[in-house]
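Descriptive analysis of the structure
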Amino acid sequence: MCETCGCDGGDAARLTTLTAPGDGPGHAAGHVHVHDPVPVPVHGHGHGHDDGHVVTLGQKVLARNDDLAVRNRAWLAERGIAALNVMSSPGSGKTTLLERTVADLSPDRPISVIEGDQETLLDARRLAAAGARTVQVNTGAGCHLDAAMVAGALAALGPPDGSTVFVENVGNLVCPALFDLGERARVVLMSVTEGDDKPLKYPHMFRGADVLLLNKTDLLPHVDFDMDACRAAARRLCPGLRVLPVSATRGDGLGAWYDWLDEVTAAP
Amino acid sequence: MHELAVTESVIAAISTQLPDSRVVVVHLEIGRLSGVMPDAVRFCFELAGEGTCVEGARLDITEPEGVGDCAACGASFPARDPLALCPCGSADVTISGGADLLIKAVEVADDV
Ligand SMILES: [Zn+2]
């Protein structure tokens, strides 16, 4: 149920739009609901127990999310927009990475950001200051973004055709793995302070990744982290996974990340 | 706690399809490799079901085993985790079962 208007659309999250410097005036705050439930046909209707009857559904639990994700994907594809779902634990450096990426790339191409956080506008303000039009989605108690929230955020953002949209998911390596947002690719970030066995502890997240960024490599001399062991663990879950060591604060390895972005955003 | 979102999705799907029914039993399938904890769903179901058509309904959860298919020897074998090795020793394994989350059926009272 929506805390703002009391409707029971069920998918309400608070949305706040922040414009990038030089983006002209404009500030919108509000929330967007997706109210039309996706009907799924009832497959069977048979009689069971004496006190009632059994209705066979055989329906995927996340069918509604998955259906909305399909719509998002089609909406994005029509406009040639590449949306990237960026996921990590809290504190892995997602916002710093995106801030730097926006600052480096946005002069040449439009980038916007859907910033998911349980509370606050802090990260969204940083990304807007770096030059990205940003929509903040505050999920409240929610520990992940879902396809309905992204649909609402895309409508609020109105990203230009052919542009790039980063979806910074809520910091969490468990829940976001389950929810397709309609993204073109999944970027998973972890820092070398987190332990090289992290992929084995969060198999669902790493299994669905398209690229893995190992951040904070500037700290490698100070931590016990085996880069090869981490790479091997991640590739056990996801053979052929691209693994890119970077330091978002110092700028190391960002060239390879930008090359990967060029590749994935250029694909039709 | 994606289990809360999962549980809310279950309730929303049932409410949408059977809006005027009193649901007595909900049959869910939560595969052992789905990444969802059945106990957490049970906990959420009671809370999230209040005031909906599943209030007071019994939750019946089946938990199918994971199944791995080995590319090296062709065997299918029970997989306890997504990193399971085939008994032949190969790690070249595709998970082919036990990862689904399904609302299989609901039992509805005829007294309404
Ligand atoms: Zn084998």
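The structure displayed is predicted, hence computed values, not measured ones.

Turning our eyes to something else, we now look at the packing of aromatic side chains. All names here are of chain A. The final tally for this structure, using the stated rule, is two aromatic pairs over all chains. On the basis of an interplanar angle of 10° and a centroid distance of 5.8 Å, the ring pair of Trp257 and Trp260 is categorised as stacked. Of this pair, Trp257 and Trp260 both sit in helix α8 (residues 254-266), separated by three residues, roughly a single helical turn. Across this residue pair, the class does not change: Trp257 and Trp260 are buried. Among the aromatic side chains, those forming a connected cluster through ring pairs are Phe166, Trp257 and Trp260. Stacked on the ring of Trp75, the Lys or Arg Arg79 has its end atom at 4.0 Å from the ring centre.

Attention now goes to the UniProt feature "binding site: Ni(2+)" (unreviewed entry) in chain B. In the UniProt entry, the feature "binding site: Ni(2+)" (unreviewed entry) is given for His2 of chain B. Mapped onto the elements of the fold, His2 of chain B is located in helix α1 (residues 2-17).

We now examine the packing of helix α2 (residues 94-105) of chain A against α8 of chain A. Residue and element names in this part refer to chain A. α8 packs onto α2 with a crossing angle of 70° between their chain directions and a minimal axis gap of 12 Å. By the angle class used here, α2 and α8 are roughly perpendicular. Here Leu97, Arg100, Thr101, Asp104 and Leu105 of α2 lie close against α8, whose contacting residues are Leu254, Trp257, Tyr258 and Leu261. Across the contact of α2 with α8, the residue classes break down as six nonpolar, one polar and two charged.

Turning next to the sheet that holds strand β1 (residues 23-30) of chain B. One open sheet accounts for four strands, arranged β3(A)-β6(B)-β1(B)-β2(B); its pairing is mixed. Looking along the sheet, the strands with just one partner apiece sit at the ends: β3 (52-60) of chain A together with β2 (58-62) of chain B. Averaged over all pairs of adjacent strands, the angle between their axes in this sheet comes to 15°, without regard to strand direction. Sheet topology note: the β1 of chain B/β2 of chain B ladder contains five bridges and is parallel. Paired with His27 of chain B across the strands is Asp60 of chain B, a residue of β2 of chain B. Across the sheet, α1 of chain B is in contact with β3 of chain A together with β1 and β6 (101-109) of chain B; its angle to β6 of chain B comes to roughly 45°. Contacts from helix α2 (residues 38-49) of chain B reach β1 and β2 of chain B within the one sheet, and its direction differs from that of β2 of chain B by about 165°.

Residue and element names in this part refer to chain B. The sites that carry the UniProt feature "binding site: Zn(2+)" (unreviewed entry) are, in the present numbering, Cys70, Cys73, Cys86 and Cys88. A compact arrangement is adopted by the annotated residues: their sequence extent is 19 residues, whereas the largest C-alpha distance between any two is 8.7 Å. Considering the arrangement of structural elements, one finds Cys70 in strand β3 (residues 66-70). Every residue in contact with Cys70, bar those within four places of it in the chain, is listed here: Ala75, Phe77, Cys86, Cys88, Ser90, Asp92 and Val93. Relative to the helices and strands, Cys73 is located in the loop between β3 and β4 (76-79). Apart from residues lying up to four places away in sequence, Cys73 is in contact with Cys86 and Cys88.

On to the coordination of the zinc ion. Residue and element names in this part refer to chain B. Protein-derived ligands of the zinc ion are Cys70 (SG), Cys73 (SG), Cys86 (SG) and Cys88 (SG), with the metal-ligand distances lying across 2.3 Å. Note that the zinc ion binds four donor atoms; their angles at the metal cover 104 to 115°, and the shape is tetrahedral. Ordering the donors of the zinc ion by residue number gives the pattern C-x2-C-x12-C-x1-C. We classify Cys86 as buried; its relative accessible area is 3%. Taking the relative accessible area as the measure of exposure, Cys88 reaches 44% and is therefore partly exposed.

The rules we used
- Residues numbered from 1 in each chain as written.
- Chains lettered and ligands numbered in written order.
- Predicted model: local features only at pLDDT ≥ 70, side-chain atom pairs only at ≥ 80, totals over all residues.
- Heavy atoms only, no water.
- Phe/Tyr/Trp six-rings, centres within 6.5 Å; stacked < 30°, edge-to-face > 60°.
- Helix = DSSP H or I, 4+ residues; strand = E, 2+ residues; numbered from the N terminus.
- Buried < 20%, exposed > 50% of the residue type's maximum accessible area, 1.4 Å probe, protein only.
- Lys NZ or Arg CZ within 6 Å of the ring centre and 35° of its normal.
- UniProt positions renumbered as here; feature names shortened; annotations may be inferred.
- Axes fitted to C-alpha atoms, helices over the stretch in contact; angles between N-to-C directions.
- Parallel < 35°, antiparallel > 145°, perpendicular 65-115°, else oblique.
- Contact = heavy atoms within 4.5 Å.
- Nonpolar A, V, L, I, M, F, W, Y, C, P; charged D, E, K, R; others polar.
- Pairing = 2+ DSSP bridges.
- Donors = N, O, S within 2.8 Å, 3.2 Å for Na, K, Ca; no water.
- Tetrahedral: all angles 85-135°; square planar, octahedral: opposite > 155°, others 65-115°.

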